[in-house]
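Next come the chains, spelled out residue by residue.
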Amino acid sequence: MLEKDRFSRRTFLEKFTLATFGLTVSSGMAQKSFSEKIRVAPDAFGAGAVLNDRKFVPVMVTPFKADSTIDFNNLSRLVDFYLASGVKGFFANCLSSEMYNLDDNERLALAAHVVKQVNGTMPVVATGSFGKNVKEQAEFAKKMYQTGVNAVILITSHFAEKNDSDHVLIDNIERFLSLTGTIPMGTYECPSPYKRIITPAVLQYLLSTNRIVYHKDTTLDLAKIKVKLEMCKDTRLEFYDAHAPNTMYSLQMGAKGMSAIAGNFYPEIFVWMCDNFNNPDKQEDVKWLQSEITRVDSIISQGYPLTSKYYLQKRGLPIELISRSNKGPLTAQQKNAIDKVHRDVLGWHERLGLEEK
């Protein structure tokens, strides 16, 4: 079912060797083309954002109506909520958005609505690697880019089966890129259909293409993350860690920002961490807050994304407790656990001098 047409082994090895030594075929030409085509929003991904700026980018949930159709009115309210919290970008049509439970038209409509609502003030990315083969994936990616997103996200496990080698992954991504012109791309090590972690060899290939501006990482292992971050230095790729317990450590090692599901509960907290992770006057609070974020992370993930929608209700957003991927309902025990987390987070806000929006 997955297309595995390959370029010659010689072609692969030539490109891989170049990538290994940090070289790029026709790099000047590729850079010019990319720069001409990318949609530049303030602090756009990979488009010359402030070097030391750190961003929190939420992986957005999708509000549904009682009949399980997308609730676009509450989606607009949700975007405004994120903006008021200080986020600096949006990841629409992702796993938190229940993208596997949406049809193609809904995926495109979801991304287009967020782009329209943000109105150029923040960059937006959205997953666009859906299809039965590389050609179909490329066609859908073009449609996704036409919604106005700044970059189209590729799910790494969409391009190789679980037991396939990195050669297969690279060959299929290379073919995909050849079919999508100069569209800026990003990568996401999504846990579904299975988690495909990008190895250093694959990352070096991706960097050599000059097409990848965004990466959402689910490696979890800080030693391996450090290797990736070293490779991404002085490139346009922006590295975002998905694992909330890594927040302080990843930011201090050079990650561009965070993109954790916990941001669908308390985005202001991650914005604060992005702003203060290296502030010498705030290190006691930074370390304390990191321990708190880590402590509650396993609690909020139980029953997600319904737990997030329940929490957002407590914050005043009139979102229905409806999910296509998690039919629920939440148990009394789960609600009680989220209630306690909410009380704890109010205490975080008080200590940090933050106002809950």
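Please read these numbers as outputs of a predicted model, since none were measured by experiment.

Participant: Is there a simple way to think about the overall build of the protein chain in this case?
Facilitator: Looking only at helices and strands, the protein chain features 13 helices and 8 strands. Looking at the protein chain as a whole, 55% of its 357 residues qualify as buried. Residue pairs in contact within the protein chain that sit at least 24 positions apart in sequence constitute 74% of those at least 6 positions apart. When the accessible surface of the protein chain is split by element, carbon and sulfur atoms take 51% of a total near 15100 Å².

Participant: Could you clarify how one ought to interpret unusual backbone geometry in this entry?
Facilitator: Peptide bonds are mostly trans, and most non-glycine residues show a negative phi. The peptide bond linking serine 192 to proline 193 adopts the cis configuration, its omega dihedral lying at 5 degrees. By the secondary structure assignment, proline 193 is in the loop between β5 (185-188) and α7 (200-208). Omega for the bond connecting tyrosine 304 with proline 305 falls within 30 degrees of zero, at 10 degrees, which places this linkage in the cis form. By secondary structure assignment, the location of proline 305 is in the loop between α11 (283-300) and α12 (306-314). The residue asparagine 210 is not glycine, and still its phi comes out positive at about 60 degrees. Looking at the element boundaries, asparagine 210 is found in the loop between α7 and β6 (212-217). Of note in this structure, aspartate 234 is not a glycine but carries a positive phi near 60 degrees. Checked against the element boundaries, aspartate 234 lands in the loop between α8 (222-232) and β7 (238-241). A residue is classified by how much of its surface remains accessible, and aspartate 234, at 84% relative accessible area, is exposed.

Participant: What am I meant to see in the sheet that holds strand β1 (residues 55-56) here?
Facilitator: The sheet built from 8 strands is open, its strands ordered β1-β8-β7-β6-β5-β4-β3-β2 with parallel pairing. Since the sheet does not close on itself, it has two edges, and those belong to β1 and β2 (90-92), each with one partner. Pairing geometry for β7 and strand β8 (residues 257-258), over 2 bridges, is parallel. Among the inter-strand pairings, tyrosine 240 is bridged to a residue of β8, identified as glycine 257.

Participant: Could you clarify how one ought to interpret the packing of helix α3 (residues 72-85) against helix α4 (residues 104-118) in this entry?
Facilitator: Packed helix pairs are characterised by how far apart their axes lie and by the angle those axes make with each other. Closest axis-to-axis distance for the α3/α4 pair is 10 Å, and the angle between their directions is 50 degrees. The orientation of α3 relative to α4 falls into the category oblique. In the crossing of α3 with α4, the sense of the turn from one axis to the other is right-handed. Packed against α3, whose contacting residues are Phe72, Leu75, Ser76, Val79 and Asp80, the element α4 presents Ala109, Leu110, His113, Val114, Gln117 and Val118 at the interface. Broken down by class, the residue content of the contact of α3 with α4 amounts to 7 nonpolar, 3 polar and 1 charged.

Participant: Can you walk me through α3 in this structure?
Facilitator: For an α-helix, 3.6 residues make a turn, and residues three or four places apart therefore share a direction. Taking 1.5 Å per residue, 14 residues should reach 20 Å; α3 reaches 20 Å between its end C-alpha atoms and fits that length. If you check which residues of α3 are buried, you get Asn74, Leu75, Ser76, Leu78, Val79, Phe81, Tyr82 and Ser85. On the buried face of α3, the contacting elements are β2, α4, α10 (267-276) and α12. For α3, the N-terminal capping position is held by aspartate 71, with its side-chain oxygen 3.3 Å away from the main-chain nitrogen of asparagine 73. Phi for glycine 86, located one or two positions after α3, is positive at around 100 degrees.

Participant: Looking at this structure, how should I read the pattern of salt bridges?
Facilitator: Pairing between side chains becomes possible if they bear opposite charge and their charged atoms approach one another. All chains considered together, the criterion is met by 16 salt bridges. For arginine 196, the salt bridge goes to aspartate 166, with nearest N and O atoms at 3.3 Å. Of this pair, arginine 196 sits in the loop between β5 and α7 while aspartate 166 sits in helix α6 (residues 166-178), and the two are 30 residues apart along the sequence. A network of salt bridges, in which partner residues are shared, links Glu292, Arg295, Lys340 and Asp344.

The rules we used
Residues numbered from 1 in each chain as written. Predicted model: local features only at pLDDT ≥ 70, side-chain atom pairs only at ≥ 80, totals over all residues. Heavy atoms only, no water. Helix = DSSP H or I, 4+ residues; strand = E, 2+ residues; numbered from the N terminus. Buried < 20%, exposed > 50% of the residue type's maximum accessible area, 1.4 Å probe, protein only. Contact = heavy atoms within 4.5 Å. Areas by Shrake-Rupley, 256 points an atom, 1.4 Å probe, with all protein chains shown as cover. Pairing = 2+ DSSP bridges. Axes fitted to C-alpha atoms, helices over the stretch in contact; angles between N-to-C directions. Parallel < 35°, antiparallel > 145°, perpendicular 65-115°, else oblique. Left-handed = near helix turned anticlockwise from the far one by under 90°. Nonpolar A, V, L, I, M, F, W, Y, C, P; charged D, E, K, R; others polar. Expected span 1.5 Å × (residues − 1). Polar contact = N/O pair within 3.5 Å; in protein donor to acceptor, adjacent residues only side chain to side chain. Salt bridge = Lys/Arg side-chain N within 4 Å of Asp/Glu carboxyl O.

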